[in-house]
Amino acid sequence: IWDVELLRWWIVWLIDKTYYTMDYFYFKKLDVYNYSKVLVISIYKLLENYPQEEKFAICSQIRRAAVSVPSNIAEGFGRTSPKEKIHFLEISYGSLMEVSCQIEISHDLGYIDKVDLDSINLQIETIARLMSSLRFSIMKNGDSNLNRMK
């Protein structure tokens, strides 16, 4: 039978150990997460120049898709299993491709020029490559390489 004081000490030690070994917000250290947030800001600034009639149409759709990219990265890295992290990275990638499509349509409609299109596409391509590398790393190593970031 456990001594109550010993049990209390062991629980406190276990909680402290868990607290100090876990970094609840380490996704914020990921380049892919931070670049995704920069993309969101770029998108919001770009959408300021769209026609008024598009504010609740394509603008709203692009905003939701863009915000979904870093949001799904954060949600995935709030999960414990590598499989779940990969799943949310895949959802994030899908949202990124949605942004790419909608920005291309915006260019075709004449809402943005070629310079803006190329700028956003460069950001999208960079984020897509980072996502792909991160996904591959998690598939190969689990979270072991990510834990070194702490």
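All values reported here derive from a predicted model rather than from experimental measurement. (Residues numbered from 1 in each chain as written. Predicted model: local features only at pLDDT ≥ 70, side-chain atom pairs only at ≥ 80, totals over all residues. Heavy atoms only, no water.)

Novice: Just to check I follow, could you spell out the packing of helix α4 (residues 82-108) against helix α5 (residues 114-141) for this structure?
Specialist: The packing of two helices is summarised by the inter-axis angle and the distance between the axes. Running from N to C, α4 and α5 point in directions that differ by 165 degrees, and their axes come no closer than 10 Å. As judged from the angle between their axes, α4 and α5 are roughly antiparallel. Seen along the crossing, α4 lies across α5 with a hand that is left-handed. Looking at the contact of α4 with α5 residue by residue, the class counts come to 17 nonpolar, 4 polar and 5 charged. (Axes fitted to C-alpha atoms, helices over the stretch in contact; angles between N-to-C directions. Helix = DSSP H or I, 4+ residues; strand = E, 2+ residues; numbered from the N terminus. Parallel < 35°, antiparallel > 145°, perpendicular 65-115°, else oblique. Left-handed = near helix turned anticlockwise from the far one by under 90°. Nonpolar A, V, L, I, M, F, W, Y, C, P; charged D, E, K, R; others polar.)

Novice: Before we go on, may I ask you to explain α5 in this structure?
Specialist: An α-helix turns once every 3.6 residues. As a result, residues three or four positions apart point the same way. For α5, built from 28 residues, the straight-helix expectation of 40 Å at 1.5 Å per residue is met to within 8% by its first-to-last C-alpha distance of 40 Å. Those residues of α5 not exposed but buried are L117, I120, Q123, I124, I127, A128, M131, L134, S137 and I138. Among the residues of α5, the N-terminal cap falls to D113, whose side-chain oxygen and the backbone nitrogen of V115 are separated by 3.3 Å. Downstream of α5 by one or two residues, G142 has phi in the positive range, about 70 degrees. (Expected span 1.5 Å × (residues − 1). Buried < 20%, exposed > 50% of the residue type's maximum accessible area, 1.4 Å probe, protein only. Polar contact = N/O pair within 3.5 Å; in protein donor to acceptor, adjacent residues only side chain to side chain.)

Novice: Help me out: how do you make sense of the pattern of salt bridges in this one?
Specialist: Pairing is possible between side chains of opposite charge, provided their charged atoms come close. Following the criterion strictly, the structure yields 5 salt bridges and no others. The closest approach of N and O atoms between E90 and R135, which form a salt bridge, is 2.8 Å. In this pair, E90 sits in helix α4 while R135 sits in helix α5, placing the two residues 45 residues apart along the sequence. E90 sits in the partly exposed class, given a relative accessible area of 37%. Among the salt bridges present, the one from K114 reaches D118, with a minimum N-O distance of 3.0 Å. A residue pair is termed a helical-turn pair when its members lie 3 or 4 positions apart in one helix, as K114 and D118 do in helix α5 at 4 residues. Since its relative accessible area comes to 38%, D118 is described here as partly exposed. (Salt bridge = Lys/Arg side-chain N within 4 Å of Asp/Glu carboxyl O.)

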